[in-house]
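Structural description and commentary
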Amino acid sequence: MRALSGVQPSGKIHIGNYFGAIRQYVELQHEHDGFFFIANYHALTSIRDGEELHRQTLELAADYLALGLDPQKATIFVQSDVPEVTELTWILSTLTPMGLLERCHAYKDKVTQGLSADHGLFAYPVLMAADILIYDSHLVPVGQDQKQHVEVTRDIAERFNNTYGQTLVLPEPLILEDTAVIVGVDGRKMSKSYDNTICIFDPEKQVRKRIMSIVTDSTPVEDPKDPEKCSVYALYSLFADDEQRAQMSQRYIRGGMGYGEAKKELFGQFMEYFAEARKRREELAQDMGYVMTVLKEGASRAREVAQQTMLRVRKACGVYMG
Ligand code: ADP
Ligand code: TRP
């Protein structure tokens, strides 16, 4: 079974990305044929500075490796190193109803905010469908916000198969209930676009500041507090084991503990949990040549699979000329 997913290199990686997606990649690489890429074509819809996009692409690759993706086990690559995916995007777009894309949230949200959207943002889910379908992916590990896009992918693949005969594999999203939506420091979904993230590789001081800024209610220190209503507790739960979680919950309910204290504990857990990854990330920063080699090897493996799918697709829809 092939498991495939990607993250856009559009900002620093945060704990929503990790618990919602990347941690699943790391687990899946042991049992499945893992394909994990950096969605730089997608990021073109928001980053309009070539140097910055190039830099962020390499940085995200180093983040993947530091967090435990293993090039011996998984295929790690950059989306644009397999340009065939843009050809598939075009072919799929000829079968994609406008209505399907108009319902997609990335585009809809932008239009609702009164912002003008470009064609790239509108067509974004078709490129994502091509990413998934070109590698015959069975499983797509993502956070809740990407579920709709995997459903669109299935819909487009079915249309292709119904029109041209059985050609494309229908993928399933893999969403873990407990980590489907990680909360940000302001209580909304953690997201680069809300500036409410806790970034995994930020300097220690900045991480502390971010954690101390988590919004809480104004219950006085001595009063009992409801852990289920608190973002600090929700985030703490990601790092703690069952016993630590139960103890923290008791301290909330008992009263006498201020939110500041809970935040300090969360900070401690964060630093411990990511200590090894942060160390590895620093080492990789000194060896970006290695990161480039991993990406090149990954690209050549991925491209081989993509070319085989494209041959099937081209033949099926009649654009293969021999
Ligand atoms: P962002 O919203 O910060 O721009 P991306 O859209 O690049 O994040 O998301 C990359 C991956 O991380 C996706 O699979 C997405 O579902 C997951 N993800 C992002 N934010 C969260 C979150 N707050 N909770 C759970 N998963 C998330
Ligand atoms: N759209 C995804 C995001 O913003 C990134 C992505 C692009 C992706 N292509 C993909 C995720 C294919 C899974 C599979 O997070």
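Residues numbered from 1 in each chain as written. Chains lettered and ligands numbered in written order. Predicted model: local features only at pLDDT ≥ 70, side-chain atom pairs only at ≥ 80, totals over all residues. Heavy atoms only, no water.

To continue, consider the overall build of the protein chain. From N to C terminus, the protein chain includes 13 helices and five strands. For a compact globule of 322 residues, the expected C-alpha radius of gyration is about 20 Å, and the protein chain comes in at 21 Å, within 12% of that figure. Seen through its C-alpha atoms, the protein chain measures out along the principal axes to roughly 75 × 45 × 40 Å. Across the 322 residues that make up the protein chain, the buried fraction comes to 50%. (Helix = DSSP H or I, 4+ residues; strand = E, 2+ residues; numbered from the N terminus. Rg over C-alpha atoms; globule rule 2.2 N^0.38 Å. Buried < 20%, exposed > 50% of the residue type's maximum accessible area, 1.4 Å probe, protein only.)

Here we take up the side chain of Ser137. Relative to the assigned elements, Ser137 resides in the loop between α7 (119–133) and β4 (139–141). For Ser137, a relative accessible area of 1% gives the class buried. Only 2.8 Å separates the side chain of Ser137 from the backbone oxygen of Ile132, close enough to count as a polar contact. Not counting chain neighbours up to four residues away, the residues in contact with Ser137 comprise Arg2, Leu4, Ile132, Val169, Leu170 and Pro171. (Polar contact = N/O pair within 3.5 Å; in protein donor to acceptor, adjacent residues only side chain to side chain. Contact = heavy atoms within 4.5 Å.)

Glancing now at the packing of helix α1 (residues 15–31) against helix α12 (residues 259–285). α12 packs onto α1 with a crossing angle of 50 degrees between their chain directions and a minimal axis gap of 14 Å. As summarised for this structure, α1 and α12 are arranged oblique, according to the angle between their axes. Crossing of α1 over α12 shows left-handed handedness. Across the interface between the two elements, Ile15, Tyr18, Phe19 and Arg23 from α1 touch Phe270, Tyr273 and Phe274 from α12. Taken together, the residues of the contact of α1 with α12 break down into six nonpolar, no polar and one charged. (Axes fitted to C-alpha atoms, helices over the stretch in contact; angles between N-to-C directions. Parallel < 35°, antiparallel > 145°, perpendicular 65-115°, else oblique. Left-handed = near helix turned anticlockwise from the far one by under 90°. Nonpolar A, V, L, I, M, F, W, Y, C, P; charged D, E, K, R; others polar.)

Once that is clear, we can look at the pairing of strand β3 (residues 75–78). Alternating positions in β3 separate into two faces, Thr75 and Phe77 on one and Ile76 and Val78 on the other, with burial throughout. With four bridges connecting them, strand β2 (residues 33–38) and β3 associate as parallel partners. By the bridge assignment, Phe37 is partnered in β3 with Phe77. (Pairing = 2+ DSSP bridges.)

Okay, the site of ligand 1 next. In the vicinity of ligand 1 lie 18 residues, with His14, Gly143, Asp145, Ile182 and Lys192 positioned nearest. One of the side-chain nitrogen or oxygen atoms of Lys189 is found 3.2 Å away from an oxygen atom of ligand 1. At four residues, the largest contribution of residues to the shell around ligand 1 is made by α1. When its residues are assigned to classes, the shell around ligand 1 shows seven nonpolar, eight polar and three charged. (Near = heavy atom within 4 Å.)

The next point concerns the nonpolar core. The biggest cluster of nonpolar side chains holds 55 residues, and the ones touching the most others in it are Ile15, Tyr64 and Ile198. Considering every element that reaches this core, the biggest residue donor is α12, with nine residues. Three or more residues apiece are contributed to this core by two domains, here domain 1 (2–181 + 288–317) and domain 2 (201–273). With residues up to four places along the chain from it excluded, the contact list for Ile198 reads His14, Ile15, Val185, Met190, Val207, Arg210, Ile211, Ile214, Leu235 and Phe270. By size, the runner-up hydrophobic cluster in this structure holds 39 residues, among which are Phe35, Phe37, Val152 and Met310. (Core = buried A, V, L, I, M, F, W, Y, C linked by side-chain atoms within 4.5 Å. Domains from an automatic or database assignment.)

Attention now moves to the environment of Asn161. Within the secondary structure, Asn161 is located in helix α8 (residues 147–164). Given a relative accessible area of 8%, Asn161 falls into the buried group. As for Asn161 and Val313, which are separated by 152 residues in sequence, their C-alpha atoms are 10.0 Å apart. Residues in contact with Asn161, not counting those within four places in the same chain, are Gln166, Thr167, Leu168 and Leu170.

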